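# Structure at a glance
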Amino acid sequence: MKRGCKFSFHVSVVIAAITYIYFSTVFVFIDQWLGLGSSPGMLNAAVFTLLAVMCISSYRTAIYTDPGRVPSSFVPDIEDAENPIHEIKRKGGDLRYCQKCSHHKPPRAHHCRICNRCVLRMDHHCVWMNNCVGHANYKIFFVFVVHAVIAVIYSLVLLVGSLTVDSQQDSEDSLRIIYIISGLLLIPLGLALGFFLGWHLYLIVHNKTTIEYHEGVRAMWLAEKGGQLYSHPYDLGVFENLTAILGPNILCWVCPTAGHIGSGLRFRTKYDNLIGISTPK
């Protein structure tokens, strides 16, 4: 399901950063090091262009894809014997009900105060996308981060390589400024995206969301305090967790749209009945 996108300062910053990194990498780093007219230069420019297109495509798709809405007709079936558990409120013990949306919430759904609605399997609200990350766009978001990390590392390698050539000749002041700005942008961006990628890879392997991780820390502490052993109820094993998010076909794991609604994010597990709903189309 597509959604409208309002203007966002953070989104414009991301687009400006992608544009700057692309043009500085292709028309400065590759040109200075290999030369755009040479075969190695043309090859690297083509590869980096393809990578940039994949980044923009996955970023755009993640922005415009609705993360997942709770149908207004959803009502938990507490008498369904196939449902192993029902999530309840931490206080009161009642079934989860959103007072702001005035309807019951399925398991793993949370209310986003920024979007002002409940989101299925909500991970977090990403200001850099002006959208929530949830059931229907989590894989797309993850694939974008993967592409972004590869692009930043690739650009850094080309930057360092071009510096080895520039050290033997006088560079123009404009090129020096580009190198300084690129270094100040790529190094912290690479570190931040690398940490972010590792964090979400950890969450996927354990079939958790960011919200569930923080809730699990408290639940684990309470369980240990009571002499019990806590285990995440949605953890099905590493491979099953990966396929539940990225899809059953390993070759399509880096494709942002392949399997992200049909099989990848459809909760193909024994907890399907816990959700009780499918992704809106």
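Definitions and limits used
Residues numbered from 1 in each chain as written. Predicted model: local features only at pLDDT ≥ 70, side-chain atom pairs only at ≥ 80, totals over all residues. Heavy atoms only, no water. UniProt positions renumbered as here; feature names shortened; annotations may be inferred. Phe/Tyr/Trp six-rings, centres within 6.5 Å; stacked < 30°, edge-to-face > 60°. Helix = DSSP H or I, 4+ residues; strand = E, 2+ residues; numbered from the N terminus. Buried < 20%, exposed > 50% of the residue type's maximum accessible area, 1.4 Å probe, protein only. Patch = residues over 30% accessible without salt bridge, like charges linked within 9 Å, V, L, I, M, F, W, Y side chains within 5 Å. Areas by Shrake-Rupley, 256 points an atom, 1.4 Å probe, with all protein chains shown as cover. Salt bridge = Lys/Arg side-chain N within 4 Å of Asp/Glu carboxyl O.

For the protein, an unreviewed UniProt entry supplies the name S-acyltransferase and the organism Penstemon davidsonii. The UniProt entry for the protein carries the following text under Subcellular location (unreviewed entry): "Endomembrane system". Its UniProt record gives the protein a comment under Catalytic activity (unreviewed entry), which states: "L-cysteinyl-[protein] + hexadecanoyl-CoA = S-hexadecanoyl-L-cysteinyl-[protein] + CoA".

## What about the packing of aromatic side chains?
Evaluated as defined, the whole model comprises eleven aromatic pairs. Both rings, one in Phe23 and one in Phe27, keep their centres 5.7 Å apart while their planes meet at 20 degrees; by these two values the pair is stacked. Highlighted residues: Phe23 and Phe27, both in helix H1 (residues 9-33), separated by four residues, approximately one helical turn. Looking at Phe27, the relative accessible area reads 44%, which means it is partly exposed. Note on Tyr59 and Phe144: the rings are 5.0 Å apart at their centroids and 35 degrees apart in plane angle, and the pair reads as tilted.

## Observations regarding a nonpolar patch on the surface
A cluster of nonpolar side chains, Phe9, Val13, Val127 and Trp128, forms an exposed patch at the surface whose accessible area comes to about 380 Å². Within the secondary structure, Val13 is located in helix H1.

## Quick word on unusual backbone geometry
In the Ramachandran plot, Ser102 falls in the positive-phi region, its phi being about 60 degrees despite a non-glycine side chain. Relative to the helices and strands, Ser102 is located in the loop between strand E1 (97-98) and strand E2 (103-104). For Arg108, which is not glycine, the phi torsion reads 75 degrees and is therefore positive. Topologically, Arg108 is positioned in the loop between E2 and strand E3 (110-112).

## Regarding the UniProt feature "transmembrane region" (unreviewed entry) in the protein
Taking the UniProt record as the reference, the feature "transmembrane region" (unreviewed entry) is found at residues 7-30, 42-59, 140-165 and 177-205. As annotated, residues 140-165 has a helix share of 100% and a strand share of 0%, and its two end C-alpha atoms lie 38 Å apart. Secondary structure content for residues 177-205 is 100% helix and 0% strand, while the C-alpha to C-alpha distance between its ends is 42 Å.

## Digging into the pattern of salt bridges
If you walk through the whole model with that rule in mind, you get three salt bridges. The shortest N-O distance in the salt bridge between Arg69 and Asp66 comes to 2.9 Å. Residue classification places Arg69 among the partly exposed residues on the basis of a relative accessible area of 38%. Using a relative accessible area of 3% as the deciding quantity, one classes Asp66 as buried. The closest approach of N and O atoms between Glu212 and Arg108, which form a salt bridge, is 2.7 Å. A residue pair is termed long-range when its members are at least 10 positions apart, and Glu212 in helix H5 (residues 210-225) and Arg108 in the loop between E2 and E3 qualify at 104 residues. Taken as a pair, Glu212 and Arg108 share a single burial class, namely buried. Linked through salt bridges whose partners overlap, the residues forming this network are Asp66, Arg69 and Arg117.

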